[in-house]
Structures are given as C-alpha cells and as structure tokens.
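# Structural description and commentary
The residues making up each chain are set out below.
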Amino acid sequence: MSGVDLGMPSFPDAARQAVRDAQLRHNLGNATNTIRNKRAAVVGELDDWEQLRASGAAIKAHTLSNLDSYLEQFESAVTAAGGTVHWARDAAEANRIVTELVRETGETEAVKVKSMATQEIGLNEALASAGISAWETDLAELIVQLDEDRPSHILVPAIHRNRSEIREIFRREMAGSGTPAPADLTDDPVQLAEAARHHLRDKFLRARVAISGANFAVAETGGLVVVESEGNGRMCLTMPEHLISVVGIEKVVPSWRDLEVFLQLLPRSSTGERMNPYTSVLSGVTAGDGPSDFHVVLLDNGRSEALADEIGSQALRCIRCSACLNVCPVYERTGGHAYGSVYPGPIGAVLTPQLYGVESEDTASLPYASTLCGACYDVCPVAIEIPELLVHLRNRTVRERKGWFDRLTRTAMRAMGWVFGDSGRLARAQRVASLGGRLFGRRGIGRLPWPLSRWTDARDAPTPPAESFRQWWERTRTNDEDGR
Ligand code: SF4
C-alpha cells in the first residue's frame, strides 16, 4: 500500500500546538468528563456487561472471518428488496459512484446523515467540486460545516467548541447557506437547537436526495441500521426520494438477532444512554413509503488489507462508540484535530495507519500517540486490544519505514535485543546504567543530545536507579545467614 499524506502536521507537531490552547483543553476536559461519568453509571447497571462485551467481540470476529460470504448475502438481500449495491475499492471510486448517482437525479444538493465513511473519503469536497452541495443535518456536524472546520470527535464532532463559540458561528455563518440565525440568539442550548432546527427545516423540505452511512448492515435482511439522538437522520432516511448510503464493508453483521447485543453496547458506550432515542432500519424500497430509489456503496478503502493482518484486523470490529476517546488522557489534552484524520483518539491511532499505510510521517506517528495505559481497552464494548495493536503498529513502522531515524531505531532495537538476550550482558549494562544513575542523581537526565533528542523532546528520560534489582538482590542475599 502506498503511503498517504493526510495533509496535516504529524501528531507530535499538532499535539504540541493543541496543548498550548487552554480554552480547547477546558472544553475537552469538561465534555469528556461528563460523557465518561454517564457511561460508567449506565454500564454499571448491567450485571452481564462483560458477557455482552464478549458476545459483541465474538460476533464481530466471526463476521470478519467470513466477511466475503456475509457481504454477498447482504448484496442479494438488498437487491431482492429493490435496492442496488455498488462496490468501491477506494475513496476515488466511491466518490465517483455517489457523484454519478446524484447527477442522474438531476439535483444539485443533498442532505446528509452524519457518517464517518463519507468523511473518510472526502465526499462533501468531491461533490462540491462537481457542483453539488451536501448539507450536514446532525447538529454537531452542522456547526463544524458552517465553521469550515474539521470534526474533533467521533460522536460529538464539535466537542472542542463551547456554547458561546457555537452562537457566534451560527450568527456569522447561517445566513450564507440558508435560514439565518435570529439576531438576538443567546448561548442557551434550547435557543441554539431551535436556530439549527429552523435552518435545517427548509433543507429537509426541499431535498430530493439524501446521503447516509450506517451503524450496521444486516446480511440476513439487507437492512441498514442508523442509530442517532436527534431524529435528523430519520428525516434524511425517510423524506427524500433518492437515498445513497456509503457503508464500510466491516459494518455488516450476520443477522437481525445480532443487533440485540449491539443495540445494548452502543448507546451505553457512546452517549451513556440505555437506548438510542432513534433507531431507523431501512430495507430496500416500498411504494409510497420512504425513498423510491435506494443505493448502497460498499466501501473497502484499505479494509481488506487491514483484514489480512491477524492482529491489526481487530480494529475492524470497532462500532465507533467513541468510549476510547473519552477515557484517553492523550485525546483529552490534544483533541481530535491533532490526529490529522477523521478517526481520532485511540481507535484512530490504530485504524488510520492500517487504512493508509505507515510510509508517511503523519500516519507513522499515530501509533505513538498513546500512553499505553490500557484505559481504551477497558471501556471498548467489543474488547479491541488497542494497546496490543499500538505496539504491533509501532513494530510495523520501525520495520517498514526507510528514513534515517527509522534505520537508527532499528539498529538501537537490535542492540537492545542483543543485550537483553544474555543475562551476563544485561548485568554489565545495568552496572554501567547504575553509574549513570549515581552521576545524575536527583537532577534527572532531562534532554539528551541529538539524535536522541528526537526521543526526549516529547518525553522525560528516566534516570537509571543507582542500584539495579539484581545488584540489590546480590547485596542483600549474600548477607543472609542461610546464604540463600
Ligand atoms: S475502538 Fe472500541 S471504544 Fe473505541 S470507538 Fe471503537 S468500539 Fe468504541
């Protein structure tokens, strides 16, 4: 796979900038803390949470091992229900298919349901360059779109904005794309939601084309499942005549029955609610009810390659709940923009390098954007071993990349392997390190000279202990009366 430059600064540079923004840190801290507490409370209500989690992981793992047959089953079911399935190898192909489908309708605008897959392929930009306006209808996505910003969170794309910033965006930008915000708009959440409702209403009433993603695609019935909190997604799925859904191939689940597990896991993990306010299921077309024209674009875009990696493929189990973002100490301080991709936080750090390869500096830096504390694994509703994946991908970046620093890292790691491979060598190395420890004492090492500064620029180099465990053991045990 050729490396893809995400067109952003790499994580270390972007993070350095982000952590200097006190307002951003304050907004993020408040929001993640609130969602974290809500999640913990509702998850704590279920005695069988761990069993549910294991079931979710098992269903996803089983589906991914048999993905080809479930996708074909899904295609047959959609076709039988009057829909059309398209297969897209990459972003360019998916964008071309969707653009042609919209053009065939003769329309130049579409309403959109919040969708990570369409963000991943840059669909709005592709449609805009074809003269088609795509309007986001999810409240947080609307804020981001009006501000010409990028989403910062999977579930709450405008998490980095507070209420007064949102009021300013509405007052400044709404008039340029439809119904303006009231002149006396305050930062009261009810007033902000009302302004968004008025702004979106004429778009819903006018639109003949809708574009969506899906949380799940049921192979057995060909049903697309969209879960959401606001009801705007349901308007998009039911009001327009033409519906085009872009769905990652990993979204398929075998049967209707499997949803029982995910519809418990997802709302509790994402919004801290017992169930989603709106769960819409769309299976094909029905005369006089909902869209009369239904297309599903099944998107690969690097997923097949990720699937071939025995350890890395776990990331495809993700149900995009965002729980791992809300507990991640790194995400909480940097926000989502620093990750340079539509998938931020711990899941972005393991998914993005797999979808785009690790050749470019920005994707290769992502597996290091974590403390490896394991909080992400603890909350993941499908038990993805994110810390294991991070280490696996760090290994991959060191093995595959060709720059001088990567060669230096490889050599250093080989040398470490040689030292650790023999107890005598390790003992001698520890004695040298102890000397260093005595030399630096309490002052600590701080910043190392170039090229080791590449390491200490972003982290503290710990001072080696004045005495290693092995030395302590020898000193204290030889004084034992038993001589043990
Ligand atoms: S990796 Fe797990 S916790 Fe993170 S978004 Fe995906 S399902 Fe949720």
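Residues numbered from 1 in each chain as written. Predicted model: local features only at pLDDT ≥ 70, side-chain atom pairs only at ≥ 80, totals over all residues. Heavy atoms only, no water.

## Describing the pattern of salt bridges
Oppositely charged side chains can pair when the atoms bearing their charge come close. The tally for this structure, following the rule as stated, stands at 28 salt bridges. Across the pair Arg96 and Glu100 runs a salt bridge, and its minimum N-O distance is 3.8 Å. Here Arg96 pairs with Glu100, and both are found in helix H5 (residues 91-105), just 4 residues apart, close to one helical turn. Ionic pairing is found between Asp147 and Arg172, a salt bridge with its closest N-O pair at 2.8 Å. A residue pair is termed long-range when its members are at least 10 positions apart, and Asp147 in the loop between helix H8 (139-146) and helix H9 (163-173) and Arg172 in helix H9 qualify at 25 residues. Here the salt bridges share partners, and the residues they tie into one network are Asp147, Asp149, Arg161, Glu165, Arg172 and Glu173. (Salt bridge = Lys/Arg side-chain N within 4 Å of Asp/Glu carboxyl O. Helix = DSSP H or I, 4+ residues; strand = E, 2+ residues; numbered from the N terminus.)

## Things to note about the side chain of Ser360
Along the chain, Ser360 turns up in the loop between helix H16 (345-356) and helix H17 (361-364). Since its relative accessible area comes to 12%, Ser360 is described here as buried. Separated by 3.1 Å, the side chains of Ser360 and Thr363 make a polar contact. (Buried < 20%, exposed > 50% of the residue type's maximum accessible area, 1.4 Å probe, protein only. Polar contact = N/O pair within 3.5 Å; in protein donor to acceptor, adjacent residues only side chain to side chain.)

## Considerations on empty space enclosed by the protein
Leftover empty space is mapped by rolling, across the atoms, a probe with the size of a water molecule. One pass over the full model with this rule turns up 3 cavities of 30 Å³ or more. Space inside the largest cavity adds up to approximately 80 Å³. If you go around the largest cavity, the residues you meet are Cys318, Ile319, Arg320, Cys321, Ala323, Cys324, Ile347, Cys380, Pro381, Val382, Ile384 and Ile386. Residues of the lining of the largest cavity, tallied by class, amount to 11 nonpolar, no polar and 1 charged. Roughly 40 Å³ of internal volume is contained in the second largest cavity. Cys328, Pro329, Pro346, Ser370, Thr371, Leu372, Cys373, Gly374 and Cys376 are the residues that line the second largest cavity. (1 Å grid on protein atoms, 1.4 Å probe; cavity = no way out; pocket = protein on both sides within 12 Å on 5 of 7 lines; lining within 4 Å. Points joined across faces, edges and corners; volume = space filled by probe spheres on them. Nonpolar A, V, L, I, M, F, W, Y, C, P; charged D, E, K, R; others polar.)

## Focus on the site of the ligand
In the neighbourhood of the ligand, the contacting residues comprise Cys318, Ile319, Arg320, Cys321, Ser322, Cys324, Ile347, Cys380, Pro381, Val382, Ile384 and Ile386. Judged by the fraction of its atoms near the pocket grid, the ligand is located in the largest cavity. Broken down by class, the residue content of the shell around the ligand amounts to 10 nonpolar, 1 polar and 1 charged. (Near = heavy atom within 4 Å. Sits in = over half its atoms within 2 Å of the grid points.)

## Quick notes on the sheet that holds strand S10 (residues 293-299)
Pairing is parallel across the open sheet formed by 6 strands, whose spatial order is S1-S10-S7-S4-S2-S3. What marks the edges here is a single partner per strand, and that holds for strand S1 (84-88) and strand S3 (133-136). Strand after strand, the sheet turns through a mean of 25 degrees between neighbouring axes, direction not considered. For strand S2 (residues 109-112) and S3, the ladder comprises 4 bridges, and the chain directions are parallel. Its bridge partner lying in S3, Glu109 is registered against Ser133. Strands in contact with H5 are S1, strand S4 (209-212), strand S7 (242-248) and S10; relative to S1, the strand with the most contacts, it is inclined by about 145 degrees. (Pairing = 2+ DSSP bridges. Axes fitted to C-alpha atoms, helices over the stretch in contact; angles between N-to-C directions. Contact = heavy atoms within 4.5 Å.)

## Observations regarding the nonpolar core
Residues Phe74, Phe170, Val296 and Ile347 are the most contacted members of the largest nonpolar core, which totals 100 residues. For this core, the element with the most residues is H16, which contributes 6 residues. Viewed by domain, this core spans two of them, domain 1 (1-45 + 322-401) and domain 2 (59-305), each represented by three or more residues. With sequence-adjacent residues up to four places away left out, Phe170 is seen in contact with Leu139, Ile143, Leu146, Ala181, Leu185, Leu192, Ala195 and Ala196. One finds Ala88, Val98, Leu127 and Ile211 within the second-largest nonpolar core, a separate group that totals 20 residues. (Core = buried A, V, L, I, M, F, W, Y, C linked by side-chain atoms within 4.5 Å. Domains from an automatic or database assignment.)

## Section: unusual backbone geometry
The backbone phi angle of Ser322 is positive, close to 80 degrees, even though this residue is not glycine. Inspection of the secondary structure assignment puts Ser322 in the loop between helix H13 (303-307) and helix H14 (323-327). Here Ser322 falls in the buried class, since its relative accessible area comes to 2%. For Leu372, which is not a glycine, the phi torsion comes out positive at approximately 60 degrees. The residue Leu372 is located in the loop between H17 and helix H18 (375-379) in this model.

## Details of the layout of surface pockets
Here the second largest pocket defines a volume of roughly 1400 Å³. Taken together, 49 residues make up the lining of the second largest pocket; nearest its centre are Asp138, Ala140, Leu155, Val156 and Glu230. When contributions to the lining of the second largest pocket are tallied by element, the ones reaching two or more residues are helix H2 (22-44), helix H6 (116-120), H8, H9, helix H10 (189-206), strand S6 (223-228) and helix H12 (259-270). If you tally residues by element for the lining of the second largest pocket, the top one is H2, at 8 residues. Of the residues contributing to the lining of the second largest pocket, the split by class is 24 nonpolar, 15 polar and 10 charged. When we break the lining of the second largest pocket down by domain, the ones giving at least three residues each are domain 1 (1-45 + 322-401) and domain 2 (59-305).

## Re the domain arrangement of the protein chain
Note: interface size is frequently given as the accessible area lost on complex formation between the parts. You can read the domains of the protein chain as domain 1 (1-45 + 322-401), domain 2 (59-305) and domain 3 (404-478). Averaged C-alpha coordinates put domain 1 and domain 3 at centres separated by 28 Å. Counting from both sides, the interface comprises 4 residues of domain 1 and, opposite them, 4 residues of domain 3. When domain 1 packs against domain 3, close to 460 Å² is buried across both sides, 45% of that on carbon and sulfur atoms. Where domain 1 packs against domain 3, one counts 1 salt bridge. We note a salt bridge from Arg401 to Asp406, for which the minimum N-O separation is 3.3 Å. Inspection of the domain 1/domain 3 interface yields 4 residue pairs in polar contact (both at pLDDT 80 or more). For the side of domain 1 that touches domain 3, the per-class residue count stands at 1 nonpolar, no polar and 3 charged. (Buried area = accessible area lost by both parts, 1.4 Å probe.)

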